[in-house]
Amino acid sequence: MASTGLIWFRNDLRVHDNHSIRKAIVSNDRVLSVYCFDPRHFGRSDFGFRKTEKFRAQFLIDSVGQLRENLEKRNIPLFVFFGTPEDTLPHFIAKHSVQSIYLQKEWTPEETSIEKALRTSDGMQTVIWTHTYDQFLFHPEGIPFDLNNIPDVFTNFRRKCERYATIKEEVRTDDVLPEENLLPNPTQIPTLEDLGFTSFEIDPRTAFPFKGGETEAANRLQDYFWNTRNLSVYKKTRNGLIGPDYSSKFSPWLANGSLSARTVYHKIKQYEAEVEKNESTYWLIFEMIWRDFFKYISLQYDNSIFKIGGILNKDYSWSTDSDLIKDWIDGKTPERFVNANMIELKNTGWMSNRGRQNVSSYFAKHLQLDWRIGAAYFESMLIDYDVHSNYGNWMYVAGVGNDPRDRQFNIKFQAERYDTNHIFQKLWLQDQMF
Ligand code: FAD
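In this numbering scheme, every chain counts its residues from 1 along its sequence in written order. Side-chain atom pairs in this predicted model are given and counted only at pLDDT of 80 or more, local residue features only at pLDDT of at least 70, and totals for whole chains, interfaces and linings cover all residues. Values shown for side chains rest on all heavy atoms present in the structure; no hydrogens or waters enter the calculation.

Trainee: Which parts of the structure should I look at to understand the sheet that holds strand S3 (residues 78-82)?
Mentor: Two modes of strand pairing occur in sheets, parallel and antiparallel, and in both the strands are linked by backbone hydrogen bonds. Here a strand pair is declared whenever DSSP counts at least two bridges between the two strands. Helical segments are the DSSP runs of H or I of at least four residues, strand segments are the runs of E of at least two, and each set is numbered from the N terminus. Spatial strand order, S3-S2-S1-S4-S5: five strands in an open sheet with parallel pairing. Each edge of the sheet is formed by a strand with only one pairing partner; in this case those strands are S3 and strand S5 (128-132). The sheet shows a mean angle of 25° between the axes of neighbouring strands, direction not considered. Here six bridges tie strand S1 (residues 4-9) to strand S2 (residues 30-37), and the two strands are oriented parallel to one another. Of the residues in S2, the one forming a bridge with Phe 9 is Tyr 35. Contacts from helix H1 (residues 19-27) reach S1, S2, strand S4 (100-104) and S5, with the element oriented near 160° to S4. Here helix H3 (residues 85-95) sits on the sheet in contact with S1, S2, S3 and S4, set at roughly 160° to S2. Axes here mean lines fitted to C-alpha atoms, for a helix over just the part in contact, with angles spanning 0 to 180 degrees between N-to-C directions. Here, residues are in contact when the closest pair of their heavy atoms is within 4.5 Å.

The following block contains the structure:
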């Protein structure tokens, strides 16, 4: 009997450098694929925010659309459902006699409980599951640490990885399957309205008009590296606040996997060989290692990254003053620099790294508000939300994570240093007096 493999896409929305695709193609006669828009991702979190706001929802719709187009060029159909995987997949798997499922490994509780529910559904017991860790720069099998013994300090993690870990080559996925593999596919990608939003215009002040999808990611990479050569000055510009040039803006594509971290790395190496190699070209790799670091911390500490005491199990007292939280969200605090950043986030789903450091420090350290509420608001709003980077950074800033020095930002000093002429504040606080 011909074998059928199913690729279940989640946060790996790309055809390029995707091991699930490769493995499914080499081991099966027929390859299908599926993506579920899970209604729970558009519901409310424990703190009352929508888990996904319109900016990331639109980005996701675009990403899945491009994924479907790129898969179809390889004669692989992508079936898209608006429903939970537990409700939709068992029936689909039975109907198409799927024997094997290929997917990126996820370990956070929501994802693992869904997988567990699926595995125990009727008819699923004989299905073979093949997981791949495709989200890392340094693959878990190649790092010089036990996965239960990751250093708590970033520098210790980075130095040893840089020295001993290797970064894999990208995997080839350009095979085109026979035309009969492309089954009729009546499923539709939901619209923004289907997900419960109304369509919106991009704010013209946005730092970057993000558009989801693998092709858009490749275009951005081409632009940031070769067209503008901004990569060559990244270390000098990365603390900027306005416009497309100050940083790579890769994070939204990296977060949903429409861009692979390995691809970015190998393109940097290519740039270094063809254009120039300097401190800035290295620094983009350095920052991407932070991304890996927080993934490894989350892998090691599991559920603790969502707990109020964080991975350090700290017993601090936190406020939940709803007026203070609302003022922070609405950009109505006494700190104009905080306000400008928060208004940017509300209007675009984006905030620079410098902004994020400041508003989170102000929330957790100055106002001493429960950091998980700030993290949940970021989760809702950010176009580049990534569970590990978000909760890892929030814990770090709140003093319950990996900051060995437990620092607090001086917001006025930061504003003077990074927004000396108040151009950023004026951009977002047009209705506030200067
Ligand atoms: P660049 O400066 O161009 O950096 C390149 C890449 O390196 C980024 O795309 C990202 O993948 C990685 N990177 C850079 N800084 C960090 C960092 N501090 N931690 C982890 N990875 C990093 N990043 C997310 O991708 N998703 C989140 O949900 C997220 N939440 C955050 C919450 C807080 C409180 C803070 C302080 C930071 C958060 N970050 C998050 C990290 C960082 O702010 C963003 O990755 C960065 O601003 C994205 O812009 P860029 O792609 O232009 O970054």
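That was the structure; now back to the text.
Trainee: How should I be thinking about the site of the ligand in this particular structure?
Mentor: It suffices for a single heavy atom of a residue to lie within 4 Å of a molecule or strand for the residue to be listed as near it. Taken together, 27 residues sit near the ligand, with Tyr 234, Ser 247, Ser 248, Lys 249 and Asn 353 positioned nearest. At 3.1 Å from an oxygen atom of the ligand is found a main-chain nitrogen or oxygen belonging to Phe 250. Two N or O atoms count as a polar contact when they lie within 3.5 Å, although within protein this holds only if one can serve as hydrogen donor and the other as acceptor, and sequence-adjacent residues are included solely when both atoms are side-chain atoms. Between the ligand and the protein, one listed contact pairs a nitrogen atom with a side-chain N or O atom of Asn 393 at 3.0 Å. Reported accessibility uses the Shrake-Rupley method at a 1.4 Å probe radius. Residues are deemed covered only where the shown protein chains occlude them. Starting from 810 Å² of accessible surface for the ligand in isolation, the protein chains cover 97%. Taken together, the elements giving at least two residues each to the shell around the ligand come down to helix H8 (251-256), helix H10 (279-301), helix H13 (353-366) and helix H15 (387-398). When the residues that make up the shell around the ligand are grouped by side-chain class, the tally is twelve nonpolar, nine polar and six charged. Three residue categories are used. Nonpolar comprises Ala, Val, Leu, Ile, Met, Phe, Trp, Tyr, Cys and Pro, charged comprises Asp, Glu, Lys and Arg, and polar comprises the others, including Gly.

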